Amino acid sequence: MAALQATLPSISAAIAAFVGLALIGGLIGLVGTVVVRRLRNPVGKYRLLYGAVLFPYALLSYGVFALTGSGAAFLTALPAIPELLDGVLSQFVTFLAAGCIWLVSYLPTVRGVREVRDLELATSTAISKMARYIVGLSVLLTVILTPLQVFSLESSLLAPALTLIVLILGLLYASPWVIPLLRSTATPTGERADRLEQLRSRAGLSVRDARILDTENEETASTIVRGPPNYRRLFVTSTFLDVFDDETATALLAIEAGKLRTHVFEIRLGTVLVASIALIASVIGIGPQWPLLGLSLGVVLIGFWLARRRIRATDEYAAEQAGRTTVADALTEYADVHALEPTRRRVPNPLSIKVALGDRIDRLRTARDR
């Protein structure tokens with residue numbers, strides 16, 4: 001990302017910008033956690049706070065640092081470095097600074113999450129894990145995005161389009177190797193390995209191998225499958241194996257298998273890619289502005305609608321594997337473990353990529369009753 005300014009800000013100005021953004025972020029996190037804890041279904045609202053408020057604010061902070069050249073300004077406090085590394089380190093420092101803004105914003109919410117979910121997670125543990133994630137992600141983004149600057153032209157769509165394509169391909173296909181770099185993982189052995197193999201077989205989930213994510217203190221019982229078709233890897237949290245019995249675990253893994261068959265993840269990322277490219281083209285003036293803006297919105301609406309339909313198809317596949325009652329009970333138990341209240345909507349939210357959990361449970365039970 002090229003800075004808008006011809007000259008870099010002084011390091012004092014860069015530090016002032018960082019401190020100001022950090023203070024605002026901390027205040028947003030503090031106010032957000034106070035509000036969320038007073039709402040119904042606070043765990044679900046915390047997820048909304050992270051995704052709809054804190055994450056966009058971190059992106060905004062990155063934009064501020066990148067456009068003002070603050071990353072390069074921070075480097076002036078260090079001894080002289082080779083010119084070849086200057087751009088790489090500036091990019092890394094910019095990502096790291098934005099990550100620190102996220103960390104400061106996230107810090108006030110840790111206590112609230114711990115209390116609403118009745119966890120024994122120490123704040124220091126949560127922050128250290130998040131800090132490791134931020135550093136690792138900053139390194140990966142720097143390695144991926146720095147070479148794309150060669151194609152950067154201020155009036156061209158090529159650089160942002162390539163950046164989005166590379167990031168989405170990374171999410172789709174490089175995750176089996178990236179996730180272990182960002183989080184603590186272990187290869188299942190002994191009884192755990194045998195149990196996982198049996199659960200995968202019963203759920204119809206075909207993957208090359210599996211890894212266990214350490215979530216002993218976080219109590220996050222979840223699974224994800226990532227990777228190209230010939231190298232899919234299952235990531236399952238240690239809590240998932242501890243709290244769910246075989247019947248429930250099979251049903252939840254069958255949902256993951258259904259997501260693979262219905263290409264839910266690909267549809268979501270494809271929607272984001274096409275809509276973002278159309279939006280960027282509209283903003284920077286490549287092509288007719290309003291038609292491109294309309295195209296971006298149309299792609300979002302159609303893509304999100306299709307993703308919601310694919311989620312329903314996912315539940316149907318899981319029901320075939322494990323039974324409707326079992327899948328409905330498994331989703332209910334998943335919500336209980338995470339202190340979530342299954343939400344329901346009379347009218348689907350066209351700007352939501354997910355189906356309300358309560359609606360999924362009700363649909364499975366209603367179809368069973370018929």
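Calculation criteria
Residues numbered from 1 in each chain as written. Predicted model: local features only at pLDDT ≥ 70, side-chain atom pairs only at ≥ 80, totals over all residues. Heavy atoms only, no water. Phe/Tyr/Trp six-rings, centres within 6.5 Å; stacked < 30°, edge-to-face > 60°. Helix = DSSP H or I, 4+ residues; strand = E, 2+ residues; numbered from the N terminus. Buried < 20%, exposed > 50% of the residue type's maximum accessible area, 1.4 Å probe, protein only. Pairing = 2+ DSSP bridges. Core = buried A, V, L, I, M, F, W, Y, C linked by side-chain atoms within 4.5 Å. Contact = heavy atoms within 4.5 Å. Salt bridge = Lys/Arg side-chain N within 4 Å of Asp/Glu carboxyl O. Axes fitted to C-alpha atoms, helices over the stretch in contact; angles between N-to-C directions. Parallel < 35°, antiparallel > 145°, perpendicular 65-115°, else oblique. Left-handed = near helix turned anticlockwise from the far one by under 90°. Nonpolar A, V, L, I, M, F, W, Y, C, P; charged D, E, K, R; others polar. Polar contact = N/O pair within 3.5 Å; in protein donor to acceptor, adjacent residues only side chain to side chain.

Any chance you could break down the packing of aromatic side chains for me, citing the residues and the numbers?
In the structure shown here, the tally under the stated rule is nine aromatic pairs. When the centroid spacing of 6.3 Å and the interplanar angle of 35° are considered together, the rings of Tyr46 and Tyr50 count as tilted. With Tyr46 and Tyr50 both in helix α2 (residues 42–68) and four residues apart, the pair spans about one turn of that helix. Exposure remark for Tyr46: the relative accessible area of 2% places this residue in the buried category.

Lay out the pairing of strand β3 (residues 223–226) in plain terms, naming residues and giving numbers.
Sheet topology places β3 next to strand β4 (residues 233–237); four bridges connect them, and they run antiparallel. Note that in β4 the partner of Val225 across the bridge is Leu234. The antiparallel hairpin formed by β3 and β4 contains six residues in its connecting segment, where Gly227 sits at a positive phi of about 125°.

Lay out the nonpolar core with the relevant residues and their values.
Generally speaking, soluble globular proteins have nonpolar side chains that are buried together. Core analysis: the biggest nonpolar cluster contains 36 residues, and Leu205, Leu234, Phe240, Leu252 and Leu331 have the highest contact counts within it. Counting residues per element, the ones that place at least two in this core are α7 (190–203), β2 (209–213), β4, α8 (238–243), α9 (246–262), α11 (289–322), α12 (324–337) and α13 (357–369). It is α9 that contributes the most residues to this core, eight residues altogether. Other than its neighbours up to four places away in sequence, Leu234 contacts Leu196, Arg200, Leu205, Val207, Asp209, Ala210, Arg211, Thr223, Ile224, Val225 and Leu253. Core analysis: the second largest hydrophobic core is formed by 17 residues, Tyr46, Leu103, Tyr106 and Met130 among them.

Which residues make up the pattern of salt bridges, and what values go with them?
Scanning all chains against the criterion turns up 14 salt bridges. The partner of Asp246 in a salt bridge is Arg195, and the shortest N-O contact between them spans 2.8 Å. Within this pair, whereas Asp246 is found in helix α9, its partner Arg195 is found in helix α7, the two being separated by 51 residues in sequence. Since its relative accessible area comes to 21%, Arg195 is described here as partly exposed.

Tell me what's going on with the sheet that holds β2, and back it up with residues and numbers.
Across a sheet, paired strands are connected by hydrogen bonds in the backbone, their directions being either parallel or antiparallel. Ordered by their spatial adjacency, four strands build an open sheet running β1-β2-β4-β3, and the pairing between neighbours is mixed. Taken across any chain shown, the strands that pair with only one partner, and hence form the sheet edges, are β1 (185–186) and β3.

Which residues make up the packing of α7 against α9, and what values go with them?
Orientation of α7 relative to α9, taken along the N-to-C sense of each, is 60°, at an axis distance of 8 Å. Between α7 and α9, the angle is such that the two are oblique. Of the two possible hands of crossing, α7 and α9 adopt the one that is right-handed. Counting all contacts with α7, which are made through Arg195, Leu199, Arg200, Arg202 and Ala203, the residues of α9 involved are Asp246, Glu247, Ala249, Thr250, Leu253, Ala254 and Ala257. A class-by-class count of the residues in the contact of α7 with α9 yields six nonpolar, one polar and five charged.

Report on the side chain of Asn41, specifying residues and quantitative values.
You can see Asn41 is positioned in the loop between α1 (11–36) and α2. At a separation of 2.9 Å, a polar atom in the side chain of Asn41 contacts the main-chain amide nitrogen of Glu341. Leave out the neighbours within four places in its chain, and Asn41 touches Ala339, Leu340, Glu341 and Thr343.

Before we move on, can you summarise the environment of Trp290 with the specific residues and values?
In this structure, Trp290 sits in helix α11. Note on Trp290: relative accessible area 63%, which makes it exposed. As a C-alpha pair, Trp290 and Leu279 span 11 residues in sequence and 9.7 Å in three-dimensional space.

Please give an account of unusual backbone geometry that cites residues and values.
At Asn41, a position not held by glycine, the phi torsion is positive, near 55°. The backbone of His263 shows a phi angle near 60°, a positive value even though the residue is not glycine.

Which residues make up the environment of Thr314, and what values do they have?
Mapped onto the elements of the fold, Thr314 is located in helix α11. Residue Thr314 is classed as buried on the basis of its relative accessible area, which comes to 0%. Sequence separation of Thr314 and Gly32 is 282 residues, and the distance between their C-alpha atoms is 33 Å. In contact with Thr314, not counting residues within four places along its chain, are Ile255, Gly258, Lys259, Thr262 and Val264.

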